[in-house]
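Okay, here's what each chain looks like letter by letter:
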Amino acid sequence: MNSETLNSEALSSETLLSTRGLDKTFTLHAVDGRIIDGLQGIDLDVHVNEHLCLAGLSGAGKSSLLKCIHRTYASDRGAILYRTEANVVVDLLELADRDMADLREREIGYVSQFLRAEPRRGVLDVVTRRAVRMGVAHDEAADRAAEVLRRVNIDENLWATYPSLLSGGEKQRVNLAAGLVVAPRLVLLDEPVSALDPANRSAVLDVIADLTARGATVLSVFHDLGAIRQLADRVAVMSGGRIIDIGPAGPVLDRGMELIPT
Amino acid sequence: MNAPNEWALLVEGLGKVYGPGGAEAVPGTGPDFGRTVSPSTGAIVGCWDIDLEVVPGEALGVIGESGSGKSTVMRCIAGDQTATTGQARLRSVDDGATNLFDMEPSARRALRIDQLAVVYQDPSEGLDLGVSAGGNIADRLTAAGWRNFGQIRARAAELLARTEVPLDRMDDPVGTFSGGMRQRVQLAKALANRPSVLLLDEPTTGLDASVAAGVLDLIRDLLDETGVGAVVVSHDFNVIEMLTRRSVVMHHGRIVEQGLTDQLLEDPQHPYSQRLVGAARG
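Parameters at a glance
- Residues numbered from 1 in each chain as written.
- Chains lettered and ligands numbered in written order.
- Predicted model: local features only at pLDDT ≥ 70, side-chain atom pairs only at ≥ 80, totals over all residues.
- Heavy atoms only, no water.
- Core = buried A, V, L, I, M, F, W, Y, C linked by side-chain atoms within 4.5 Å.
- Buried < 20%, exposed > 50% of the residue type's maximum accessible area, 1.4 Å probe, protein only.
- Contact = heavy atoms within 4.5 Å.
- Helix = DSSP H or I, 4+ residues; strand = E, 2+ residues; numbered from the N terminus.
- Lys, Arg positive; Asp, Glu negative; His and termini not counted.
- Salt bridge = Lys/Arg side-chain N within 4 Å of Asp/Glu carboxyl O.
- Polar contact = N/O pair within 3.5 Å; in protein donor to acceptor, adjacent residues only side chain to side chain.
- Pairing = 2+ DSSP bridges.

This next bit is on the nonpolar core. Counting residues in each nonpolar core, the largest one holds 46 residues, and the members touching the most others are Val 127, Leu 176, Leu 189, Ile 208, Phe 222, Ile 228 and Val 235 of chain A. The residues contacting Val 235 of chain A, other than those within four sequence positions of it, are Leu 52, Cys 53, Ala 55, Ile 228, Asp 245, Ile 246, Gly 247, Ala 249, Val 252 and Leu 253 of chain A.

As structure tokens, this is what we get:
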């Protein structure tokens, strides 16, 4: 990380991540090169230790923004400045692929609504291995995995079961457990409670609330106004690939109801 | 964030032309021309301008359809085929100073004992099917200088246990094993002398889905445990996704796109990558 390293003053001390003029289009080469707009000039500051929720209707660009930050999507232009644990400011878009992959393993986690687990491994094993990969010793990893699985209400009878055999809601909770067994510094949450019944949803929201209580920073997408009200410190409302409003959760939600699904 | 130049394997400017001549076959071939056969010489450009770098503990994926040149790349690095041009270096050989393509054939072959191991799609390329599982591994160990029978036997048993081959089959000819079991023995043999780089060429292709999942699982564990640098060639995106963080996409003998594996699969940029991913994932 040499040429990519920026002056640590490039971000104010309360800012963990800042997108600057971030554009994203999708070029469909199979459809005569048709270009679909994704994100347009996104300037967004994520503060250290806040829970910032992206709100907006389907197609507003919320998931695209999370995926551009995670570099699952290739951005067209702009910058994504990020302050690492070592207090170095880097532009994620300029990082070599391998450095980005390292950063994902250590600091920036993306948790989607879909479980992507290795086949033929039990639930406890899946979560334990994730912790081990993030540097936790095996015995402690197993303890932590058990703890987080209990917290998201995965019955102990299911711990040896292959995730492929679980229900949609169970898979989603196992996925969340794996993503959070070692909390990343920056958690990108993409609709993590979409398939959950009320009791499990509540348990999961508690686990997510705990992330910021323990020092992590969360940037999330929820299709669920209740979840946003419960968790978000600030809300950014997106429409047509732009951020059209941002601020403390209550006022933003009150004035932007028509752009937020309930 | 790694110290620079920590690579275990470095490949630069690798090219392979099948047929008469060399670089003069290249103009008019590749993705821009939609062909690998030279319009001027009739030679086939198997691969050209290939650059790869792998650090210890990292697996790099090579994606592409049949005929894209991915196996040619693998075989040139392994030494099964002679590269027309370019260089390949292993950190473990003269600290990276030697171009493997310039080595004497015998010295080159010797690398396969303990520096650069290969697991092939077809087990008969990596194993002697007429010899027992234990014997196949013993071959590799004795080539590396092991002499004590008891120690060889113990190490072979340890490797087979690790790759989940039943020890009561240790003395059976590998030719009597199932496909999945043969791949496990290949892995045990490949890793016997702790190579620094492992090349995996379609390691699960042709196996039943459930058997393939088990072998894949094992490979994933072995990569984590050994810290070996790996190149994984596969047309199966599930294999690539599960084993690698970075990948390259090959088409008509060239690398047309490279990046983080999930980005290549979710947001491919090159027209060919989009077609390839679209065809496989719908």
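Residues and elements named next belong to chain B. Along the polypeptide, Arg 140 turns up in helix 4 (residues 133-143). Look at Arg 140: it is buried, it has no salt bridge, and the nearest opposite charge is Asp 139 at 7.9 Å. A distance of 3.5 Å separates the side chain of Arg 140 from the backbone oxygen of Lys 189, its partner in a polar contact. Those residues in contact with Arg 140, other than ones at most four positions away along the chain, are Arg 112, Ile 113, Lys 189, Ala 190, Ala 192 and Asn 193.

Attention now goes to the pairing of strand 3 (residues 59-63) of chain B. Residues and elements named next belong to chain B. Of all five residues in strand 3, five are buried; the element is thus mostly enclosed. Side chains Ala 59, Gly 61 and Ile 63 project from strand 3 onto one buried face, and the interleaved Leu 60 and Val 62 project onto a second face that is buried too. Relative to strand 7 (residues 229-233), strand 3 runs parallel, the two being bridged by four bridges. Paired with Leu 60 across the two strands is Val 231, which belongs to strand 7. In this structure, strand 3 lies alongside strand 8 (residues 246-251), joined through four bridges in parallel fashion. If you follow Ile 63 over to strand 8, its bridge partner there is Val 249.

A word on the environment of Val 181 of chain A. All names here are of chain A. Here Val 181 is to be found in the loop between helix 5 (168-180) and strand 8 (186-190). For the pair Val 181 and Arg 130, spaced 51 residues apart in the sequence, the C-alpha separation amounts to 7.5 Å. Among all residues touching Val 181, those that are not within four sequence positions of it are Val 127, Arg 130, Ala 131, Arg 144, Ala 145 and Val 148.

Moving on: the pattern of salt bridges. Under the defined criterion, the tally for this structure stands at 36 salt bridges over all chains. For Lys 67 of chain A, the salt bridge goes to Glu 266 of chain B, with nearest N and O atoms at 3.0 Å. Of the two residues, Lys 67 of chain A is situated in helix 1 (residues 62-70) and Glu 266 of chain B in helix 9 (residues 261-266); the pairing between them involves two chains. Judged by its relative accessible area of 14%, Lys 67 of chain A falls in the buried class. Under the relative-accessibility criterion, Glu 266 of chain B is labelled partly exposed at 41%.

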